[in-house]
Structures are given as structure tokens and as C-alpha cells.
Amino acid sequence: MEVKLSSSSASPQPDRPDPAPFMTMHTAIILLAAVIIGLIAGILTFLSGTLVPAAVLAGLSTSGLSIPVLRSLIG
């Protein structure tokens, strides 16, 4: 016994345009560079003898402040 599937279930789907990427390459590079800069600033602040919360605050503020600068430089 042969079982045949109907052709309607195997019909190809129409071509759909690819969805937009979640994040552009430009944004990813800027955010990655900002995270690296923030990590370096936080580590150097910690190694200078300050407390961990102060080093974390320095790293976070440095990474946040570097985003507009990197956007204008890399843009």
C-alpha cells in the first residue's frame, strides 16, 4: 500500500525578505569597544587601591561616557 501526501501540505512558502538584524555591526563594535574601555578603567581603578564599588562605578561611567565619543569617531 502506498500512501500519497497531498501536494498542498508540501507547497513551498513564498519568498519573504530577511528580517532586519537585531543589532547592526556598527552598534556591536561600539558597544564592544565601550565594554572593553570600561573594564580597563575599572581594573586600573581597583589596582590603584580604591574599593570595589568605586572601581565598578568608575568602569560603568567610563563605558557609558565612551559610547557617544566612539559613535562620533567610528561613525
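Worth saying up front: this structure is predicted, and the values here are computed from it rather than measured.

> It is not clear to me how the overall build of the chain should be interpreted in this structure. Could you clarify?
Across its full length, the chain carries 2 helices and 0 strands. Taken across its 75 residues, the chain has 13% of its residues classed as buried.

> Would you take a moment to explain helix 2 (residues 52–74) for this structure?
Residues spaced three or four apart along an α-helix face the same direction, because each turn holds 3.6 residues. The first and last C-alpha atoms of helix 2 sit 31 Å apart over 23 residues, in line with the 33 Å expected at 1.5 Å per residue. Where helix 2 bends most, at Ile-67, the angle is about 30°, and the proline Pro-68 comes one to four residues later. If you check which residues of helix 2 are buried, you get Ala-55, Gly-59, Ser-63, Ser-66 and Leu-70. Packed against the buried residues of helix 2 are helix 1 (25–47).

> Help me understand the side chain of Ser-63 in this model?
Position of Ser-63 relative to the elements: it lies in helix 2. Aside from chain neighbours lying at most four places away, what touches Ser-63 is Ala-34 and Gly-38.

> Looking at this structure, I do not really get a nonpolar patch on the surface. What am I missing?
Together, Leu-32, Val-35, Ile-36, Leu-39, Ile-40, Ile-43, Leu-44, Phe-46, Leu-47, Val-52, Val-56 and Leu-60 make up an exposed nonpolar region whose accessible area comes to about 1200 Å². Of all the secondary-structure elements, those providing two or more residues to the nonpolar patch are helix 1 and helix 2. Of the residues forming the nonpolar patch, the biggest block, 9 residues, is contributed by helix 1. When you line up the elements, Ile-40 lands in helix 1.

Calculation notes
- Residues numbered from 1 in each chain as written.
- Predicted model: local features only at pLDDT ≥ 70, side-chain atom pairs only at ≥ 80, totals over all residues.
- Heavy atoms only, no water.
- Helix = DSSP H or I, 4+ residues; strand = E, 2+ residues; numbered from the N terminus.
- Buried < 20%, exposed > 50% of the residue type's maximum accessible area, 1.4 Å probe, protein only.
- Expected span 1.5 Å × (residues − 1).
- Bend = angle between axes of the 7 residues up to and from the residue.
- Contact = heavy atoms within 4.5 Å.
- Patch = residues over 30% accessible without salt bridge, like charges linked within 9 Å, V, L, I, M, F, W, Y side chains within 5 Å.
- Areas by Shrake-Rupley, 256 points an atom, 1.4 Å probe, with all protein chains shown as cover.
- Salt bridge = Lys/Arg side-chain N within 4 Å of Asp/Glu carboxyl O.

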